[in-house]
Amino acid sequence: MNYLEFDGPGSTLVFLHGGNVAGWMWGQQVPAFADHHVLVPDYPGFGASNDEPWVSIAATADAVAELIATTGGPAHVVGLSLGSSVALELAARHPEQVSSLFLASAQVAPPLRRDMIAARVLLAFWNQRGFWTTLARSYGLTGEDAELFVSTGLGIRRETAVTIYNEISRGVPAAVLSAITVPTLVVAGEKDSSAITDASLEAVRRGIPGVMTAIAPGMHHQWNIENVELFNSSLRGWLDRREVAEGLGASI
């Protein structure tokens with residue numbers, strides 16, 4: 001698994017990307033956390049690791065754990081979307097490698113029926129540029145960010161996407177959630193699917209001991225790019241003070 005490494009003086013910070021992108025999506029976060037030792041992997045089947053086969057979320061979590069162990073862990077782990085699923089498996093399977101979790105746009109509960117139907121339709125158009133352009137727009141991406149999203153997405157194999165979607169659609173097992181012992185903050189974008197803003201936040205509140213949850217007002221799924229300042233200040237507040245930062249709303 002390929003990764004980028006940035007040597008800062010502080011503790012290790014790992015950024016885990018979403019399912020339709022690669023490590024590039026953290027381009028506005030890496031320089032903002034130069035005081036940390038930062039790791040940005042590309043999962044098998046994505047980005048610079050595109051020639052490696054994707055196996056499963058658990059296998060990817062194991063690979064990330066090995067990366068952390070060999071580069072100076074434990075680590076604070078930041079995940080968005082699929083990255084949140086990988087992060088949860090990582091913390092459950094390798095708790096000694098994880099100091100805390102900051103999870104954004106986490107799909108913990110199974111998708112809604114309408115989302116599943118829409119996803120199956122969209123998978124039929126996976127290799128078409130128009131699909132990726134539309135998806136970028138739905139995530140609130142514009143300009144160069146949208147173009148990079150489209151070009152990266154076109155490089156992801158359809159069979160990889162199908163395998164991941166089949167696993168995500170089952171939701172995160174309760175046994176994984178109950179195994180999380182590190183401080184955890186889960187933040188959903190207000191304008192994301194209700195399976196994320198409602199059902200998934202409720203699932204983590206039931207399943208993860210001591211978890212904190214919040215809403216990012218006005219944000220869509222890829223909100224680390226949509227509102228860089230809000231995302232970075234939210235992560236900074238969590239890393240430095242273990243608090244829900246100003247600018248985030250309470251989840252009910």
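Reading the values: rules and limits
Residues numbered from 1 in each chain as written. Predicted model: local features only at pLDDT ≥ 70, side-chain atom pairs only at ≥ 80, totals over all residues. Heavy atoms only, no water. Helix = DSSP H or I, 4+ residues; strand = E, 2+ residues; numbered from the N terminus. Rg over C-alpha atoms; globule rule 2.2 N^0.38 Å. Buried < 20%, exposed > 50% of the residue type's maximum accessible area, 1.4 Å probe, protein only. Contact = heavy atoms within 4.5 Å. Lys, Arg positive; Asp, Glu negative; His and termini not counted. Charge placed at Lys NZ, Arg CZ, Asp CG, Glu CD. Pairing = 2+ DSSP bridges. Right-handed = clockwise from strand over helix to strand, strands pointing away. Axes fitted to C-alpha atoms, helices over the stretch in contact; angles between N-to-C directions. Phe/Tyr/Trp six-rings, centres within 6.5 Å; stacked < 30°, edge-to-face > 60°. Lys NZ or Arg CZ within 6 Å of the ring centre and 35° of its normal.

Engineer: Help me understand the overall build of the protein chain, please; the structure alone is not making it clear to me.
Structural biologist: When you go through the protein chain residue by residue, the secondary structure sums to 10 helices and 8 strands. Computed over its C-alpha atoms, the radius of gyration of the protein chain comes to 16 Å, within 12% of the 18 Å expected for a compact globule of 252 residues. Overall size of the protein chain, expressed as C-alpha extent along the three principal axes, is 45 × 40 × 35 Å. Looking at the protein chain as a whole, 55% of its 252 residues are labelled buried. Put simply, 79% of the contacts in the protein chain that link residues at least 6 apart link residues at least 24 apart. Charge separation in the protein chain, taken as the distance between the mean sites of 15 positive and 25 negative side-chain charges, equals 10 Å.

Engineer: What should I look at first to understand the pairing of strand β4 (residues 75-80) in this one?
Structural biologist: Along any regular strand the residues' side chains alternate between the sheet's two faces. Counted residue by residue, β4 has 6 buried out of 6 residues, so it is predominantly covered. Both faces of β4 are covered, namely the face carrying Ala 75, Val 77 and Gly 79 and the face carrying His 76, Val 78 and Leu 80. Summarising the sheet, strand β2 (residues 12-16) and β4 pair through 5 bridges and their orientation is parallel. Each residue of the ladder has a partner; that of Phe 15, found in β4, is Val 78. Relative to strand β5 (residues 98-104), β4 runs parallel, the two being bridged by 6 bridges. Among the inter-strand pairings, Ala 75 is bridged to a residue of β5, identified as Val 98. Note that the unit made of β4, helix α2 (residues 82-93) and β5 has a crossover that is right-handed.

Engineer: Please explain the environment of Gly 249 as it appears in this structure.
Structural biologist: Counting through the fold element by element, Gly 249 comes out in strand β8 (residues 249-250). Take Gly 249: its relative accessible area is 22%, and that puts it in the partly exposed class. Considered as a pair, Gly 249 and Ala 216 are 33 residues apart in the sequence and their alpha carbons are 6.2 Å apart. Ignoring any residue separated from it by four or fewer positions in sequence, one finds Gly 249 in contact with Ala 214, Ile 215 and Pro 217.

Engineer: Is there a simple way to think about the sheet that holds strand β3 (residues 37-41) in this case?
Structural biologist: Two pairing modes exist for strands in a sheet, parallel and antiparallel, and in both the strands are linked by backbone hydrogen bonds. In space, the 8 strands of this open sheet follow the order β1-β3-β2-β4-β5-β6-β7-β8, with mixed pairing throughout. Two strands in the sheet have a free side with no partner beyond their single neighbour: β1 (3-6) and β8. Set on the sheet, α2 makes contact with β2, β4 and β5; between it and β5 the angle comes to about 155°.

Engineer: What am I meant to see in the pairing of β2 here?
Structural biologist: Buried residues dominate β2, accounting for 5 of its 5 residues. The alternating pattern of β2 places Thr 12, Val 14 and Leu 16 on one face and Leu 13 and Phe 15 on the opposite face, and all of these are buried. Pairing of β2 with β3 involves 3 bridges; the strand directions are parallel. From the neighbouring strand, Val 14 faces β3, where its bridge partner is Leu 39.

Engineer: Would you explain the packing of aromatic side chains in this entry?
Structural biologist: For any pair of aromatic rings, geometry is given as the distance between the ring centres together with the angle between the planes. For the coordinates displayed, the defined rule picks out 12 aromatic pairs. Where Trp 132 meets Phe 149, the ring centres are 5.6 Å apart and the plane angle is 65°; that geometry is what we call edge-to-face. With Trp 132 in helix α4 (residues 129-138) and Phe 149 in helix α5 (residues 143-153), the pair connects residues that are 17 residues apart, well separated along the chain. In this pair, the class of Trp 132 matches that of Phe 149, namely buried. Connected via pairs of aromatic rings, a cluster forms that spans Phe 15, Trp 26, Phe 33, Phe 102, Trp 223 and Phe 231. For the cation-ring pair, Arg 242 lies above Trp 238, with the distance from its terminal atom to the ring centre recorded as 5.1 Å.

Shape is all these values report; function is a separate question.
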